[in-house]
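In case you want the letters, here they are:
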Amino acid sequence: MKNFKFIFTSLSFILSLFVLGCSEDEVEPSFTELRNQAYDLVVVSDANAHVPVSFTAAGTDLERVIVEITQKGSATVVATNSLNKITAENLNRVNMTVPFPGNNVAPSGMYTVNYRMIAKNGEQSMGTYDINVINNVAPVLCNYTSSLPNGKTVWIRLYVPEGETLPANDNTIYLTGSFGAREGGADWDGGGGPHRFTRLSATCYEIAMHLVSGDKFKITRGNWDKQMTNATGAEYSDFTYNGESTFSATAFNWKDLPVVTPTSTAGEILNIPAEAVKAGMLTVVANLDNSIDATSGNYYVVEKGATNVANGYKMVAFDKKLAAAVPKKSGVEYVVVKDDASATGKNRYGFVQSAVWDGQTNPARVTIGTFGPAGFTLGNKIVIVGGATPGDWGVSAGQDFTKTGEGKYSITIPLKADSEYLLLPEYNQWGDKWAFGSGTSAKGTFDVQGNGGNLSTKGLTAGTYKIDVDFTTGNGTYTLTKQ
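Describing the nonpolar core
- In terms of nonpolar packing, the biggest core is built from 29 residues, with Phe-55, Val-65, Val-67, Ile-69, Leu-83, Phe-100 and Ile-131 touching the most fellow members.
- For Ile-69, the residues in contact, after removing those within four places along its chain, are Val-51, Thr-76, Val-77, Val-78, Ala-79, Val-98, Phe-100, Tyr-111, Thr-112 and Val-113.
- With 25 residues, the next largest nonpolar core counts Phe-351, Ala-388, Leu-423 and Phe-436 among its residues.

Examining the confidence of the model for the chain
- Averaged over the chain, the pLDDT score is 88; the fraction of residues at 70 or greater is 91%.
- Below pLDDT 50 for its whole length, residues 1-27 participates in 59 contacts with residues either more than four positions away or in separate chains.

Considerations on the sheet that holds strand S5 (residues 62-71)
- The strand order S3-S9-S8-S5-S6 describes an open sheet built from five strands, whose pairing is mixed. The sheet is open, and its two borders are formed by strand S3 (41-45) and strand S6 (77-83), each paired with just one other strand. Across this sheet, the average inter-strand angle for adjacent strands is 30°, counted without regard to direction.
- Where S3 meets strand S9 (residues 124-136), five bridges bridge the pair, whose relative direction is parallel. Bridge pairing in S9 places Val-44 opposite Asn-135.

Points about the pattern of salt bridges
- Counted by the stated rule, this structure contains 16 salt bridges.
- Ionic pairing is found between Asp-170 and Arg-221, a salt bridge with its closest N-O pair at 2.9 Å. Separated by 51 residues along the polypeptide, Asp-170 in the loop between strand S10 (154-159) and strand S11 (174-177) and Arg-221 in the loop between strand S14 (216-220) and strand S15 (228-229) bring together distant segments of the chain.
- In this structure, Glu-183 engages Arg-182 in a salt bridge whose closest nitrogen and oxygen atoms are separated by 2.9 Å.
- Here Glu-183 falls in the partly exposed class, since its relative accessible area comes to 23%.
- By relative accessible area, Arg-182 is classed as partly exposed at 41%.
- Within this structure, Asp-170, Arg-221, Lys-226 and Asp-256 form a network of salt bridges that share partners.

A few points about the environment of Lys-85
- Summarising the element assignment, Lys-85 is placed in the loop between S6 and strand S7 (90-99).
- Classification of Lys-85 as exposed rests on a relative accessible area of 59%.
- Each C-alpha atom of the pair Lys-85 and Pro-52 lies 21 Å from the other, and the pair is 33 residues apart in sequence.

Points about the side chain of Lys-218
- One can find Lys-218 in strand S14.
- The exposure class assigned to Lys-218 is buried, which follows from its relative accessible area of 8%.
- At 2.3 Å, the side chain of Lys-218 forms a polar contact with the side chain of Glu-235.
- A distance of 3.2 Å separates a polar atom in the side chain of Lys-218 from the backbone oxygen of Tyr-236.
- Those residues in contact with Lys-218 that sit more than four places away from it in its chain are Tyr-174, Leu-175, Thr-176, Trp-188, Trp-224, Gln-227, Glu-235, Tyr-236, Ser-237 and Asp-238.

Thresholds, definitions, all that
- Residues numbered from 1 in each chain as written.
- Predicted model: local features only at pLDDT ≥ 70, side-chain atom pairs only at ≥ 80, totals over all residues.
- Heavy atoms only, no water.
- Core = buried A, V, L, I, M, F, W, Y, C linked by side-chain atoms within 4.5 Å.
- Buried < 20%, exposed > 50% of the residue type's maximum accessible area, 1.4 Å probe, protein only.
- Contact = heavy atoms within 4.5 Å.
- pLDDT = per-residue confidence, 0-100.
- Pairing = 2+ DSSP bridges.
- Helix = DSSP H or I, 4+ residues; strand = E, 2+ residues; numbered from the N terminus.
- Axes fitted to C-alpha atoms, helices over the stretch in contact; angles between N-to-C directions.
- Salt bridge = Lys/Arg side-chain N within 4 Å of Asp/Glu carboxyl O.
- Polar contact = N/O pair within 3.5 Å; in protein donor to acceptor, adjacent residues only side chain to side chain.

In structure tokens:
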């Protein structure tokens, strides 16, 4: 056995390489993955914006290795790196790092790592595997002002993806809210008053404000008919200022303009700690209700039915969440427990929340509302109200869902197009509304009970729909099926 040294070049990429030659015989080029297994989780961030790729390679005729990463199902390369001018016969523990772009270009999701080995005679060997990427690399979308003016408490920064399409005579954006009279205008004036955003570019706006904790506000282009709406075209709930120095929002759509479905959004920043991300393991992430302190007590992931935490996996806290890496066991239900195996995590409605490895998705997520009794008791019905329904917002009877199972409800009802609605436990019980959380008009999840913007039929045609609601998972889900 003898050691070989080699030289390689790469274009502005970080690359570490350990070399060990161990054969004098001709060897066909071969490539074996070591670090990333199929469907592993990789977290990239501003601090480390690289996807690691580790392997061994052998073959006296091997000259170059190229790694390319594409979004699963796409041929477009979003990240690449190469190892060039290979002079060693065997490469042991090669650690390549592939630079990854911002999450506006490559949002979190599943990606395919493609690798090519090129021999000196030009022949190529290829391979591929899939990984899950959480992309926390912030895109540079706007050059905002850094320092707050004297007397101001917060920068409110607005990104307008479709800003180029706003009419030149109708692209002035305003802030309106409960602070208006105190700050030289009128409360909830709908816009058009003194609180006007500065337009930095077609897609970037900002305004420095003096707000106090608890102030509520919305964003419009001058009146309520032109207020900002979310990715599905539904009205946002009031924004609340909680003392932060910067408040960022995205104007996906406007109430008076056709709905545009975003092709790419940065989405959630998920700063999963490194100790909860391991090769060959499934990461379980638990989102916690505001009433639960992630740093109080010891939390574990255990297999459902476990009687103690001896074989559990201790979770680490981050951003009002918990995470742990567990084995990828197909069909096994993992649950989150607090301190001991008897205190199992449930959603707000008392249903035990479990994570199951589906063979691909990583991380697996659960939403925990309580480790004790249910926070809200579901009844034998729920109701639907709103402009999309026959009874409009003032309806008080006749629009009841039927209970179809524990935590599950259904109704078949005519709905109007491009209109809004809410679900309530009972007519006029507005404080416990179920509103839009994520998804589309046809299928999605609710926000935390009592929060969120109105649900919407934007993009759906008028007609009779069957609406199915399921509160057994997370904050609940809804599905609309046209009849």
